[in-house]
Structures are given as structure tokens and as C-alpha cells.
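So the chains spell out like this:
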Amino acid sequence: QVQLVESGGGLVQPGGSLRLSCAASGRTFSVYAMGWFRQAPGKEREFDASLTPSGDSTYYADSVRARFTISRDNAKNTVYLQMNSLKPEDTAVYYCNAVRWPYSPVNYWGQGTQVTVSS
């Protein structure tokens with residue numbers, strides 16, 4: 001089992017940048033694929049980015065591919081989401097996700113961190 005705590009959200013102007021962090025508890029962080037999802041008011045939760053336990057492979061939604069970068073530091077049990085060129089439509093609660101690699105029916109979620117993009 002793993003517990004996830006996100007941080008780094010806030011208010012930013014359009015075109016600005018934020019870096020989200022997700023700290024994971026436990027000793028087995030390196031066996032989990034990690035991801036970031038978002039949920040805007042009145043909308044379903046949607047995928048933004050993920051990466052494999054080693055970090056060698058990354059995956060992005062088309063809407064963020066050229067603007068967001070996911071990375072991880074297994075020594076620090078932390079995954080990051082660098083968000084650049086932010087747009088008002090990026091406003092949402094961002095959630096960290098962990099799934100045991102290569103497959104598990106169990107998903108772990110953090111509590112979320114609010115990102116608001118507005119002038």
C-alpha cells in the first residue's frame with residue numbers, strides 16, 4: 001500500500017508555470033507506475049501524464065504533451081509534474097496516482113492540489 005500527498009498547486013497567470021510534487025510513503029515506490037490526472041468542476045477525472053517505475057517511458061495526453069513534463073526521483077519517493085505555458089482550461093484539481101507495475105486492479109490516489117490559471 002502507498003499513501004500519496006500532492007503539493008505545489010496555486011494561482012498562476014496564463015502562460016505561467018507551476019511544478020507539482022507528489023510524495024509517496026512506503027519503501028516500494030520504485031515498483032509503482034505513477035501518473036497525474038486532473039478534474040475540473042463538473043467534469044470527469046482525466047489523464048494528463050504517467051511514467052514507468054524506472055522513469056524510462058513517459059506518456060502524455062495530447063493536450064499537454066508539448067507543455068507538461070512528468071518525472072520521478074525514486075530516491076526521494078517523489079513524482080513531479082512540470083507545467084509550462086499554462087492555460088485557463090488547465091484549471092482543475094490535480095491528483096497523483098500510483099499503480100503497481102506491471103499491472104494491478106488497485107489504484108492509489110492523493111487528496112489533490114488545486115491549480116487555477118487566471119489573470
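Above this note sits the structure.
Residues numbered from 1 in each chain as written. Predicted model: local features only at pLDDT ≥ 70, side-chain atom pairs only at ≥ 80, totals over all residues. Heavy atoms only, no water.

### With respect to the nonpolar core
It is characteristic of soluble globular proteins that their nonpolar side chains tend to be buried jointly. Threshold: Nine residue types can take part in a nonpolar core, namely buried Ala, Val, Leu, Ile, Met, Phe, Trp, Tyr and Cys, and a core is a set of them joined through side-chain atoms within 4.5 Å. Type-normalised accessible area, obtained with a 1.4 Å probe on protein chains alone, sets the label of each residue: buried when under 20%, exposed when over 50%, and partly exposed for intermediate values. Strands here are runs of E lasting at least two residues and helices are runs of H or I lasting at least four, both read from the DSSP assignment and numbered beginning at the N terminus. For this analysis, residues touch if any pair of their heavy atoms sits within 4.5 Å.
Counting 30 residues, the largest nonpolar core has Leu4, Met34, Trp36, Val79, Leu81, Met83 and Tyr94 as its most contacted members. Those elements that provide at least two residues to this core are strand S3 (18-24), strand S4 (32-39), strand S5 (46-51), strand S7 (68-73), strand S8 (78-83), strand S9 (92-100) and strand S11 (113-117). If we skip the residues at most four places from it in the chain, Met34 touches Leu4, Cys22, Phe29, Ala49, Ser50, Leu51, Ile70, Arg72, Val79, Cys96, Asn97 and Ala98.

### Thoughts on the state of the cysteines
Which entries qualify depends on this criterion: Note on terminology: pairs of cysteine sulfur atoms within 2.5 Å are recorded as disulfides.
By the definition in use, this model includes 1 disulfide. Each sulfur of the disulfide joining Cys22 and Cys96 lies 2.1 Å from the other. Sign of the S-S torsion, about -85 degrees for the bond between Cys22 and Cys96, identifies this disulfide as left-handed. With Cys22 in strand S3 and Cys96 in strand S9, the pair connects residues that are 74 residues apart, well separated along the chain. The pair formed by Cys22 and Cys96 is uniform in burial state, with each residue classed as buried.

No statement about biological role is implied by the geometric values presented.
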